[in-house]
Amino acid sequence: MRLLAASLTALAALALPGTAMAQSTTATAGPFPVTGNVPGLCSGGTLSNANSSFALGVLIDTATGLRRTDLAAPPKILTGAFCTVRSNISISATALQSVNNIAAPGAGFSRTVHYTASASGWTTTPATFATGSASNPGSSQERSTAFQGDISVGIGSFSTGGGEGLRLVADTAYQGIVTVTLAVAN
Amino acid sequence: MTSLKATAAALALLVALPGVANAQSTSDDATVDVSGTVAGLCILGDPSRTSVPLGQLINTSGPQVGKLTAISAQTINLPNSFCNFAGTNLRVSAQALLSSDTNAVQTGFARAVNFTSTVSNWATQNATVTTAAAAGGATPSAQGTGGTQPAPKIADLTLTLNGFTVPSNLLLVAGTYSGSVTITLGPAATP
Amino acid sequence: MRSTYLIGFLGIVACAAPASAQSTGTVNINGSVADRCLFTTPSATISVGELAQPGSGTNAGRLDASKLDGQTRNLVGWCNGTAATMSVEALPLLNIDFTAAAPTGFDRRVDYSAAAVANAATATDTSVGAAGGGSAVSVGMFTGNVAVTLSSSSSPTSGLLVAGTYQGQVIVTLTPNVSFGQTSQ
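About the cut-offs
- Residues numbered from 1 in each chain as written.
- Chains lettered and ligands numbered in written order.
- Predicted model: local features only at pLDDT ≥ 70, side-chain atom pairs only at ≥ 80, totals over all residues.
- Helix = DSSP H or I, 4+ residues; strand = E, 2+ residues; numbered from the N terminus.
- Buried ≥ 20, exposed ≤ 12 C-beta atoms within 10 Å, placed from the backbone.
- Contact = placed C-beta atoms within 7 Å.
- Nonpolar A, V, L, I, M, F, W, Y, C, P; charged D, E, K, R; others polar.
- Pairing = 2+ DSSP bridges.
- pLDDT = per-residue confidence, 0-100.
- Axes fitted to C-alpha atoms, helices over the stretch in contact; angles between N-to-C directions.
- Core = buried A, V, L, I, M, F, W, Y, C linked by C-beta atoms within 7 Å.

## Some remarks on the overall build of chain C
A count of helical and extended segments in chain C gives one helix and eleven strands. Buried residues in chain C amount to 39% of all 185 residues. At a minimum sequence separation of 6, the contacts of chain C that also span at least 24 residues come to 78%.

Following this line, the structure appears as structure tokens:
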């Protein structure tokens, strides 16, 4: 018996599609970005003891009627002040003036006590404002980094408005205001 | 008598047939073997979203002003994820959010937000990891591996981000923050 | 030589004398051929490689029917009787590496239909359903190719195919008429 010429086909594995996306035993998803933002923000902190007044007491030497030379008040501390970004600290102040005597006093008298207010602890150079100066270029200082710290606000360098020889008019209420501002720097 | 001899000679030419075995008729079988293969394959489904924007990260007022605000859990779904072979697991790797400002942080500040990532619904033990970046941004990367799934499986996977924290709950420096999460599904045995 | 002359002489003598009578004898020669079928090329192989669809779409990992459908191989055989029949049995491809029940969403089995054509007769079977081959068809006396072709491949749930090696088989049977050796008339 002759074996017929067998046309047995050899292994006929089909060619795999060449352009198929690479399949793999390992699959990866991501990286999924997770994002957020923190705005520039300043917070002035809180005053210690919640006492926001510099109490100077009696302003004059009762023997002379002139301004006391030893006027002083402890500084106020703003605790927990912070800025998340570069900031400017600025200070402004209004002179200590008689509340009830608003007219210009007569000769020999003054109703104004000048002083210098300073905010320190925030910048290398404290911000200062002298109420008797025509200009106060040092009243705004910049901090180049985010910062958290205590700001110490003090007053000093008192002088009598109009001249040291003037006497202060009588009034139980002399008032001045110191304002400290923290702001995000542009 | 001579004709008889001739006849006898002719008769001697008896054809002796070879003995043919009287075989029974039977069927005959032939076989065509058919074979193929299916390669091991894992596919993660198309994610329900491709990024996780958290928005503003800090409180702008109140006792926690400047610090990380409450952030609700964030999820990404990967439906119809599958592996067609046994012995697979999930790996999740995460990068803590870091501020784009790379300067050293001031005292009292951080530039990192850590969080926990969990991928669930694959094996009995979920894949989870919590980043542990330092306030200054060091060591922001972390990864975790889930349990081994012992059979082929097709399932909807869920990635959950939660537990957002800032080291020591410090103030956060201003800026744009970014981190990331990556999911890998594949054989559990290291090759 | 002397005897030849003798015979020749005798023959002439015989012809010359027509009187003696001749007698003729016959010897019958008998034989038989049993009904029989035989495959001279009794095996072939269809290896299709990757059975699952590539890519990452909704059908990735599921049966690619085009791998099996249309595959054909020739066996070679013969049957010497007019009453010969042919039948086919298609056995499904089963995953020999993963023998547990397929998890939900998966299949470990590929079914298909097989057709065998010989002498213009076609026998068919599907691997789906109860075991056992298809009906026998009359193929008659022939010698030549028995072409086996696959079609209609499918998986039970159209699910993902479990990874592994899959093996199945098509069995073609040629059956001659069942008869015993007969002496010719």
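## Topic: the overall build of chain A
Each helix and strand in chain A was counted, giving zero helices and 14 strands. For chain A, the sequential pattern of α-helices and β-strands runs β-β-β-β-β-β-β-β-β-β-β-β-β-β. Counting every position in chain A, which comprises 186 residues, the buried fraction comes to 27%. Of the contacts made within chain A by residues no fewer than 6 positions apart, 77% connect residues no fewer than 24 positions apart.

## A few points about the interface of chain A and chain B
At the interface, 26 residues of chain A touch 44 residues of chain B. Put simply, the parts of the chain that give the side of chain A that touches chain B at least two residues each are β1 (27–38) and β11 (147–160) of chain A. Among the elements that make up the side of chain A that touches chain B, the one with the highest residue count is β1(A) (twelve residues). When grouped by side-chain class, the residues that make up the side of chain A that touches chain B number 13 nonpolar, 13 polar and no charged.

## Observations regarding the interface of chain C and chain B
Every contact between the two is made by 60 residues of chain C and, on the other side, 35 residues of chain B. Sorting the residues of the side of chain C that touches chain B by element identifies β1 (37–41), β2 (43–50), β3 (72–79), β9 (142–154), β10 (160–161) and β11 (164–175) of chain C as the ones contributing at least two each. Tallying contributions element by element places β11(C) first for the side of chain C that touches chain B, with twelve residues. Note: strand β1 (residues 28–38) of chain B against β2(C), six bridges, orientation parallel.

## Quick look at the environment of Ala55(A)
All names here are of chain A. In this fold, Ala55 is placed in the loop between β3 (46–47) and β4 (76–83). When the 7 C-beta atoms within 10 Å are taken as the criterion, Ala55 is described as exposed. As for Ala55 and Gln175, which are separated by 120 residues in sequence, their C-alpha atoms are 9.9 Å apart.

## Focus: the confidence of the model for chain A
When the pLDDT values of chain A are averaged, the result is 87; 87% of them are 70 or greater. Counted against residues more than four places away or in other chains, residues 1–21 of chain A, with its pLDDT under 50, gives 28 contacts.

## A closer look at the sheet that holds strand β14 (residues 178–184) of chain A
All names here are of chain A. Overall, antiparallel pairing links the three strands, which are arranged β10-β5-β14 in an open sheet. For this open sheet the edge positions go to β10 (140–143) and β14, each flanked by a neighbour on one side alone. Neighbour-to-neighbour, the strand axes of the sheet open up by a mean angle of 20°, direction not taken into account. Bridge count between strand β5 (residues 87–93) and β14: seven bridges; the pairing is antiparallel. The partner of Ser92 across the bridge, within β14, is Thr179.

## Some thoughts on the pairing of β11(A)
Residue and element names in this part refer to chain A. In the sheet, β4 pairs with β11 via six bridges, with the strands oriented antiparallel. Residue pairing in the sheet places Lys76 in a bridge with Val153 of β11. Here strand β8 (residues 112–120) pairs with β11 via seven bridges, running antiparallel. Bridge pairing in β11 links Ser120 to Ser152.

## A few points about unusual backbone geometry
Residue Pro31(A) is bonded to the preceding Gly30(A) through a cis peptide linkage, with omega at 5°. Unusually for a residue other than glycine, Ser158(C) sits at a positive phi of about 50°. By secondary structure assignment, the location of Ser158(C) is in the loop between β9 and β10. Since 10 C-beta atoms lie within 10 Å of it, Ser158(C) is described here as exposed.

## Points about the confidence of the model for chain C
Residue and element names in this part refer to chain C. Residues with a pLDDT of 70 or more make up 85% of chain C, whose mean pLDDT is 87. The model gives residues 1–17 a pLDDT under 50, and that stretch makes two contacts with residues more than four places away or in other chains. A low-confidence stretch, residues 179–185 (pLDDT under 50), is modelled with 13 contacts involving residues beyond four sequence positions or located in other chains. Prediction confidence for the complex, expressed as pTM and ipTM, is 0.79 and 0.84 respectively.

## Let's talk about the environment of Asp156(B)
All names here are of chain B. Assignment of secondary structure puts Asp156 in strand β10 (residues 153–165). Separated by 74 residues in the primary sequence, Asp156 and Phe82 have C-alpha atoms spaced 8.6 Å apart. Setting aside residues no more than four positions away along its own chain, Asp156 makes contact with Asn77, Pro79, Asn80 and Asn121.

## Looking at the nonpolar core
Counting residues in hydrophobic clusters, the biggest one holds 123 residues, and the most contacted among them are Val113(B), Leu172(B), Ala116(C) and Val172(C). In contact with Val113(B), other than residues within four places in its own chain, are Gly36(A), Leu57(B), Leu68(B), Ala96(B), Leu97(B), Phe164(B), Val166(B) and Tyr177(B).

## Points about the environment of Ile71(B)
Residues and elements named next belong to chain B. Relative to the elements of secondary structure, Ile71 occurs in the loop between β3 (52–56) and β4 (74–83). Look at Ile71 and you get partly exposed, because 17 C-beta atoms sit within 10 Å. For the pair Ile71 and Gln56, spaced 15 residues apart in sequence, the C-alpha separation works out to 9.7 Å. Discounting residues that sit within four places of it in the chain, Ile71 has contacts with Leu54 and Phe164.

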